[in-house]
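What the coordinates show
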Amino acid sequence: MYYVVCSRCSFVLYAGERPIDVMRVLAKYGDKCPRCLHRLSTEPKRLSVSVRKRSTPASR
Ligand SMILES: [Zn+2]
């Protein structure tokens, strides 16, 4: 699962099986976290959201 969460309040903006364009997720919310109204940014050095990928045990 992939998660896009607010770095401030950990609100889950997106959770899904597939990776998603963070820009599209933020646009959907108007670039603001709906819970804490923190302004979200996708600037690489100031990423306000984090994309997490569930680490699956290596199965080689
Ligand atoms: Zn938030």
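Refer to the structure printed above.
Heads up: these notes are all about the structure in this document.

**Describing the overall build of the protein chain**
Helix and strand counts for the protein chain stand at 1 helix and 3 strands. Secondary structure of the protein chain in N-to-C order comes out as β-β-α-β. In the protein chain, which comprises 60 residues, the proportion classed as buried is 15%.

**Observations concerning unusual backbone geometry**
Although it is not a glycine, Ser10 adopts a positive phi angle of roughly 65°. Among the secondary structure elements, Ser10 is positioned in the loop between strand 1 (2-6) and strand 2 (12-16).

**Considerations on the pairing of strand 1**
It is a general feature of regular strands that their side chains alternate between the two faces of the sheet. Alignment of strand 1 against strand 2, held across 4 bridges, turns out to be antiparallel. In the sheet register, Val4 faces strand 2, and the bridge partner there is Tyr14. Between the antiparallel neighbours strand 1 and strand 2 lie 5 residues, among them Ser10 with a positive phi of about 65°.

**Quick word on the environment of Asp31**
Locating Asp31 in the fold gives a position in the loop between helix 1 (22-28) and strand 3 (49-53). On the basis of neighbour counts, which here come to 15 C-beta atoms within 10 Å, the residue Asp31 falls in the partly exposed class. Between the C-alpha atoms of Asp31 and Ser41, which are 10 residues apart in sequence, the distance is 6.9 Å. Sequence-distant contacts of Asp31, that is, excluding residues within four places in its chain, are made with Leu26, Arg39 and Leu40.

**Digging into the nonpolar core**
Grouped together as the largest cluster of nonpolar side chains are 8 residues: Val4, Cys6, Leu13, Tyr14, Val22, Leu26, Cys33 and Leu40. Where this core is concerned, the elements lending two or more residues are strand 1, strand 2 and helix 1.

**Brief notes about the environment of Ser41**
Topologically, Ser41 is positioned in the loop between helix 1 and strand 3. When the 15 C-beta atoms within 10 Å are taken as the criterion, Ser41 is described as partly exposed.

**A word on the environment of Leu40**
Relative to the helices and strands, Leu40 is located in the loop between helix 1 and strand 3. A tally of 22 C-beta atoms within 10 Å means that Leu40 is categorised as buried. Between the alpha carbons of Leu40 and Cys6 there is a distance of 7.6 Å; along the sequence they are 34 residues apart.

Conventions and cut-offs
- Residues numbered from 1 in each chain as written.
- Predicted model: local features only at pLDDT ≥ 70, side-chain atom pairs only at ≥ 80, totals over all residues.
- Helix = DSSP H or I, 4+ residues; strand = E, 2+ residues; numbered from the N terminus.
- Buried ≥ 20, exposed ≤ 12 C-beta atoms within 10 Å, placed from the backbone.
- Pairing = 2+ DSSP bridges.
- Contact = placed C-beta atoms within 7 Å.
- Core = buried A, V, L, I, M, F, W, Y, C linked by C-beta atoms within 7 Å.

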